[in-house]
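Single-letter residue listing:
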Amino acid sequence: MMNLRAPRHPSISYRPIQPTDLDVLVKIHGDLFPIRYEIEFFHNVVHGHDIVSWGAVDRNRPNGESDELIGFVTARIIMAKESEIEDMLRYDKSRSDQALVYILTLGVVESYRNFGIATSLIREVIKYGSSMPNCRAVYLHVISYNNSAIHLYQKMSFLCVRRLNSFYFINGQHYDAYLFIYYVNGGRSPCSPLELVTLLVTYMRRGLKLVSSRVWKKGEKNVGPKRVKYRDKALCPFYSVVSFSSS
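The model shown is predicted, which means the values in this text are computed figures rather than measured ones. Along each chain, residue indices are assigned from 1 in the same order as the chain's sequence is written. Note on the predicted model: pLDDT of at least 70 is required for a residue's local features to be given, and 80 or more for side-chain atom pairs to be given and counted; whole-chain, interface and lining totals, by contrast, use all residues. The side-chain figures draw on all heavy atoms in the structure; neither hydrogens nor water molecules are used.

1. Examining the overall build of the protein chain
Next up, step 1: Strands are runs of DSSP state E lasting at least 2 residues, helices are runs of H or I lasting at least 4, and numbering of each runs from the N terminus. The helix and strand tally for the protein chain stands at six helices and seven strands.
Next up, step 2: The order of helices and strands in the protein chain, counted from the N terminus, is β-α-α-β-β-β-α-β-α-β-β-α-α.
Next up, step 3: With a 1.4 Å probe rolled over the protein chains alone, any residue whose accessible area is under 20% of its type maximum counts as buried; one over 50% counts as exposed, and the rest are partly exposed. Relative to its 247 residues, the protein chain shows a buried fraction of 40%.
Next up, step 4: Any two residues whose heavy atoms approach within 4.5 Å at even a single point are treated as in contact. Within the protein chain, contacts between residues separated by at least 24 positions form 69% of all contacts whose residues are at least 6 apart in sequence.
Next up, step 5: In short, Shrake-Rupley with a 1.4 Å probe defines the accessible areas, and a residue's cover is counted only from the protein chains shown. Summed over all atoms, the accessible surface of the protein chain reaches about 14,700 Å², with 53% contributed by carbon and sulfur.

2. Considerations on the confidence of the model for the protein chain
Next up, step 1: Residue-level confidence of the predictor is what pLDDT reports, using numbers from 0 through 100. When the pLDDT values of the protein chain are averaged, the result is 80; 72% of them are 70 or greater.
Next up, step 2: Of the regions scoring below 50 in pLDDT, residues 223-247 engages in 26 contacts with residues more than four places distant in sequence or in other chains.

3. Here's the deal with the environment of Gln98
Next up, step 1: Along the chain, Gln98 turns up in the loop between strand E3 (69-79) and strand E4 (99-108).
Next up, step 2: Accessibility expressed as a relative area gives 2% for Gln98, which makes it buried.
Next up, step 3: Considering only alpha carbons, one finds Gln98 and Met132, 34 residues apart in sequence, at a separation of 9.8 Å.

4. A few points about the environment of Leu106
Next up, step 1: Structurally, the position occupied by Leu106 is in strand E4.
Next up, step 2: Remark: the alpha-carbon pair of Leu106 and Gly55, spanning 51 residues in sequence, is separated by 9.9 Å.

5. Overview of the side chain of Arg15
Next up, step 1: Within the element layout of this structure, Arg15 appears in strand E1 (residues 12-15).
Next up, step 2: With a relative accessible area of 10%, Arg15 lands in the buried category.
Next up, step 3: Residues within four places of Arg15 in sequence aside, it is in contact with Asp21, Trp54, Gly55, Val57, Arg59, Asp67 and Leu69.

6. Let's talk about the packing of helix H3 (residues 117-131) against helix H4 (residues 147-155)
Next up, step 1: Angles here are taken between N-to-C directions and fall from 0 to 180 degrees, while the axes themselves are lines fitted to C-alpha atoms, restricted in helices to the stretch in contact. Where H3 meets H4, the closest approach of the two axes is 11 Å, and the angle between their N-to-C directions is 50°. Accordingly, the angle class assigned to the pair H3 and H4 is oblique. Of the two possible hands of crossing, H3 and H4 adopt the one that is right-handed. Along the contact surface, H3 presents Ala118, Thr119 and Ile122, while H4 presents Leu152, Tyr153 and Lys155.
Next up, step 2: Its residues assigned to classes, the contact of H3 with H4 shows four nonpolar, one polar and one charged. In these notes the angle categories are as follows: under 35 degrees is roughly parallel, over 145 is roughly antiparallel, 65 to 115 is roughly perpendicular, and the rest is oblique. Take the far helix as the reference: if the near one is turned anticlockwise from it by less than a right angle, the crossing is left-handed, and if turned clockwise, right-handed. Charged means Asp, Glu, Lys or Arg here, nonpolar means Ala, Val, Leu, Ile, Met, Phe, Trp, Tyr, Cys or Pro, and polar covers whatever is left, Gly included.

7. Description of the sheet that holds E4
Next up, step 1: Strand pairing is defined by DSSP finding a minimum of two bridges between the two strands. Strands sit in the order E1-E2-E3-E4-E5-E7-E6 across an open sheet of seven strands; the sheet is mixed. Only two strands of the sheet have a single partner each, and these edge strands are E1 and strand E6 (159-170). The mean inter-strand angle of the sheet, taken between neighbouring strand axes irrespective of direction, is 25°.
Next up, step 2: Sheet strands in contact with helix H1 (residues 22-32) are E3 and E4, and its direction is about 90° off that of E3.

8. Here we look at unusual backbone geometry
Next up, step 1: Here Asn114, not a glycine, exhibits a phi torsion of approximately 70°, which is positive.
Next up, step 2: In this fold, Asn114 is placed in the loop between E4 and H3.
Next up, step 3: Unusually for a residue other than glycine, Asn171 sits at a positive phi of about 50°.
Next up, step 4: With respect to the element layout, Asn171 can be found in the loop between E6 and strand E7 (173-183).

Encoded structure:
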């Protein structure tokens with residue numbers, strides 16, 4: 001039952017996770033993740049209790065194994081106003097139904113990697129979120145040392161918006177996490193890319209004016225006793241924006 005070796009030519013298809021997947025789902029999570037999940041979590045997944053899920057199977061496996069999970073993704077719907085990323089969204093806050101999809105776990109057994117399975121599973125989540133008119137984004141956390149996952153999310157146009165110090169505590173050690181967001185249905189960050197560029201150009205111009213003014217004042221000082229002090233506090237928001245967008 002648990003032989004998950006990939007054949008030479010797998011035929012991958014996708015379906016909802018179901019109660020008969022429980023044992024395999026528990027085993028794959030245990031094999032892939034350093035975090036141990038309560039059995040209640042797996043029951044909620046296979047029975048669809050507040051969790052949506054998709055499983056990948058290989059139809060070219062031997063009889064009795066062709067419907068066995070070789071990959072999965074689980075996710076939960078969260079109200080935007082109750083989420084940790086509310087400050088990263090621009091949406092109509094007068095509407096209480098605005099929602100997000102949070103990816104809980106994503107995994108593919110080692111012998112089935114590099115077949116595009118993880119990409120396809122994430123696309124299923126994005127498609128699901130996009131089909132909900134009130135959904136504004138799909139988001140997730142990834143541990144800071146998981147470079148392959150980070151590369152995957154970046155390749156799929158997720159935005160890395162925040163680094164969270166000591167987010168995970170595993171085997172007595174703290175690890176940072178990155179927060180990734182994929183906006184859907186018109187959802188976007190409080191400061192759009194165009195606004196960031198406009199702000200950048202504006203403050204660059206102000207900076208040039210500041211430099212020009214100082215040069216001119218210095219020349220004026222050399223020809224007379226007059227002394228002028230110049231401060232441009234408008235430069236401070238510029239540095240805040242840069243720090244915020246790169247965190």
